[in-house]
Amino acid sequence: QDLQAWMVQRFKYAGGSLDILWNDNPIFRRGLTLRQKLMYGSTFWSYLGAIWNPIFLAGPVIYLFTGISPVAAYSAAFFLHAVPFMVLMELAMMVGTWGAGGFAAKASYISFFPIGLRAIATVLRGRKISFPVTPKDRRFGCCLHLVRPQLAVILLTLAAALWAGTAGALGIGNHSASGLLTNLAWGAVNCLAMGTMLRAALWHPDDLQGDQP
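Here the structure is a predicted model, which means the values were calculated and not measured.

Points about the environment of M194
Move 1: Positionally, M194 belongs in helix α8 (residues 177-202).
Move 2: Judged by relative accessible area, M194 falls into the buried class, the value being 0%.
Move 3: Along the sequence, M194 and F112 sit 82 residues apart, while their C-alpha atoms lie 9.0 Å from each other.
Move 4: Ignoring any residue separated from it by four or fewer positions in sequence, one finds M194 in contact with L57, I110, S111, F113, Q150, V153 and I154.

Brief notes about the nonpolar core
Move 1: In terms of nonpolar packing, the biggest core is built from 18 residues, with L3 and L18 touching the most fellow members.
Move 2: If you tally residues by element for this core, the top one is helix α1 (residues 3-23), at five residues.
Move 3: Counting eight residues, the second-largest nonpolar core is a separate cluster that includes A107, I154, C191 and A193.

Describing the side chain of S17
Move 1: Looking at the secondary structure, you find S17 in helix α1.
Move 2: Since its relative accessible area comes to 14%, S17 is described here as buried.

Things to note about the packing of helix α3 (residues 49-66) against helix α6 (residues 113-124)
A pair of packed helices is captured by two measures, namely the crossing angle of their axes and the spacing between those axes.
Move 1: At a minimum axis distance of 8 Å, the contact between α3 and α6 shows a crossing angle of 140 degrees. Here α6 runs oblique to α3, going by the angle between their axes. The two elements α3 and α6 cross, and the hand of that crossing is left-handed. Contacts from A50, I51, P54 and L57 in α3 reach F113, G116, L117 and I120 in α6.
Move 2: Counted by class, the contact of α3 with α6 contains seven nonpolar, one polar and no charged residues.

Re the environment of A167
Move 1: Note that A167 resides in helix α7 (residues 148-170).
Move 2: C-alpha separation for the pair A167 and L34, spaced 133 residues apart in sequence, amounts to 54 Å.
Move 3: Once residues within four sequence positions are removed from consideration, A167 is found in contact with I172 and G173.

Digging into the layout of surface pockets
Move 1: When its volume is computed, the largest pocket comes out at roughly 1200 Å³.
Move 2: Taken together, 30 residues make up the lining of the largest pocket; nearest its centre are M86, M89, I110, W186 and V189.
Move 3: Those elements that place two or more of their residues in the lining of the largest pocket are α3, α4 (76-96), α5 (103-111) and α8.
Move 4: Looking at the lining of the largest pocket, the element that brings in the most residues is α4, giving nine residues.
Move 5: Of the residues assigned to the lining of the largest pocket, the class counts are 23 nonpolar, five polar and two charged.

Side note on the confidence of the model for the chain
Move 1: Taken residue by residue, the chain gives an average pLDDT of 88. The fraction at 70 or more is 92%.
Move 2: Ranking the elements of the chain by mean pLDDT puts α5 last with 87 and α3 first with 95.

Thresholds applied
- Residues numbered from 1 in each chain as written.
- Predicted model: local features only at pLDDT ≥ 70, side-chain atom pairs only at ≥ 80, totals over all residues.
- Heavy atoms only, no water.
- Helix = DSSP H or I, 4+ residues; strand = E, 2+ residues; numbered from the N terminus.
- Buried < 20%, exposed > 50% of the residue type's maximum accessible area, 1.4 Å probe, protein only.
- Contact = heavy atoms within 4.5 Å.
- Core = buried A, V, L, I, M, F, W, Y, C linked by side-chain atoms within 4.5 Å.
- Axes fitted to C-alpha atoms, helices over the stretch in contact; angles between N-to-C directions.
- Parallel < 35°, antiparallel > 145°, perpendicular 65-115°, else oblique.
- Left-handed = near helix turned anticlockwise from the far one by under 90°.
- Nonpolar A, V, L, I, M, F, W, Y, C, P; charged D, E, K, R; others polar.
- 1 Å grid on protein atoms, 1.4 Å probe; cavity = no way out; pocket = protein on both sides within 12 Å on 5 of 7 lines; lining within 4 Å.
- Points joined across faces, edges and corners; volume = space filled by probe spheres on them.
- pLDDT = per-residue confidence, 0-100.

And the structure:
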């Protein structure tokens, strides 16, 4: 019904799964088939994404502010390898999901990182994962306090883009043209992903009234 309830539910999913991974890992247990172990492993791996997703979010910010590139060079060889891989990956996802759009799921996965990190920290500290009942009634009011990390990513990316553009115009930056365009696009995708959480925090049931006949 609202973002708070969603976050409660997602933390229970993440914390419960990671608690099983850490304390009672079924991948190394006897009696499970290979397919079952692979499914468990896929679930655990998805929740560990909170570890590396912040690095992907910070990548364009660091480059736009400092000119320090995450790759050796944004060369023709880099794009000849990266672009086909990304296109084929998207096509494979479309085939695997029978043509369903995949950006919403990717955006949710990327913007999930604060909850994932909290779940990982809770499990590593040995604290018990509680399973409170997910609220069934919507809480009214602004939920921006729940998306401060995502909002910080958006603001930092925009500030970094503004700095890189200013530095380039003044001739004081060491950004390459290809690196600048690549990281601006990368940062824009990150902001769009974070924006899904921002919109969820501001969403109100009255927003649907205009869609009803």
